[in-house]
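Descriptive analysis of the structure
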Amino acid sequence: GAVVSQHPSWVICKSGTSVKIECRSLDFQATTMFWYRQFPKQSLMLMATSNEGSKATYEQGVEKDKFLINHASLTLSTLTVTSAHPEDSSFYICSARVYRGPNTEAFFGQGTRLTVV
Amino acid sequence: SQQGEEDPQALSIQEGENATMNCSYKTSINNLQWYRQNSGRGLVHLILIRSNEREKHSGRLRVTLDTSKKSSSLLITASRAADTASYFCATEADMRFGAGTRLTVKP
């Protein structure tokens, strides 16, 4: 299958600082990437859909100024949590969509555990 | 709203038994995908079934798709303790997830 690399796998930051998470498709080009947030024992919540070269589409209730998404190339999307606070502590996961013939499949990164202290 | 909704939300079985979980979706699809997530990890792509397929096998996994009912099922045969994980479905049209099915396989 296709490989999606997410970095870092975990990060601890101080309240008020910003954190950048990278999502790379290693062996394919991804015109669309997705960013999710997951709290313990809960499902993945879609935060935004990112299309290469255009602005991300955010889900209702997700602050676009707080969660900055950049998808400047076909293999890289970044999520920046700005002015992080303890309530932003969560598990963040990205996925990248790949086209295979008439179908699309989505592959996921390993996730990033963010702890804001 | 979530596109893929799984049930049951929790399933506990003994090793060797079969596990069946279901997924319902709302709109027309080209394909549906099943994923597994171990605690604290990313999602692993298990299997994709196209809208013109009714059943697909991969090792101990068997997936069915009923487009008239907008539902799919995932069967894991001869379960192992290592199958303990959460399982999710998603359609290519909508990458939102339901609550998933938390499967526990007891040794």
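Here the structure is shown first, and the text comes after it.
Residues numbered from 1 in each chain as written. Chains lettered and ligands numbered in written order. Predicted model: local features only at pLDDT ≥ 70, side-chain atom pairs only at ≥ 80, totals over all residues. Heavy atoms only, no water.

**Points about the overall build of chain B**
Looking only at helices and strands, chain B has zero helices and ten strands in total. Each helix and strand of chain B, ordered N terminal to C terminal, gives the series β-β-β-β-β-β-β-β-β-β. Considered along the principal axes of its C-alpha atoms, chain B spans approximately 40 × 25 × 20 Å. Looking at chain B residue by residue over its 107 residues, the buried ones come to 47%. In chain B, of all internal contacts separated by at least 6 residues, the share reaching a separation of at least 24 is 54%. (Helix = DSSP H or I, 4+ residues; strand = E, 2+ residues; numbered from the N terminus. Buried < 20%, exposed > 50% of the residue type's maximum accessible area, 1.4 Å probe, protein only. Contact = heavy atoms within 4.5 Å.)

**Here's the deal with the pairing of strand E2 (residues 10–14) of chain B**
All names here are of chain B. The alternating pattern of E2 places Leu11 and Ile13 on a buried face, while none of Ala10, Ser12 and Gln14, on the opposite face, is buried. Of the pairings in the sheet, the one linking E2 to strand E10 (residues 101–106) comprises five bridges and is parallel in character. Across the sheet, the residue bridging to Ile13 is Val105, located in E10. (Pairing = 2+ DSSP bridges.)

**With respect to the state of the cysteines**
Under the criterion given, the structure shown has two disulfides over all chains. Here Cys23 of chain A connects covalently by a disulfide to Cys94 of chain A, the sulfurs 2.0 Å from one another. Judged by the torsion about the S-S bond (80°), the Cys23 of chain A/Cys94 of chain A disulfide is right-handed. In this pair, Cys23 of chain A sits in strand E3 (residues 19–25) while Cys94 of chain A sits in strand E9 (residues 90–100), placing the two residues 71 residues apart along the sequence. There is a disulfide in this structure between Cys23 of chain B and Cys89 of chain B, and the S-S distance comes to 1.9 Å. One quick way to see it: the torsion about the S-S bond of Cys23 of chain B and Cys89 of chain B is about 75°, and its sign makes the bridge right-handed. Taken together, the positions of Cys23 of chain B in strand E3 (residues 19–24) and Cys89 of chain B in strand E9 (residues 85–91) put the pair 66 residues apart, joining distant regions of the chain. Judged by relative accessible area, which is 2%, Cys23 of chain B ranks as buried. The thiol of Cys13 of chain A is unpaired, and the distance to the nearest cysteine sulfur, on Cys94 of chain A, comes to 18 Å. (Disulfide = S-S within 2.5 Å.)

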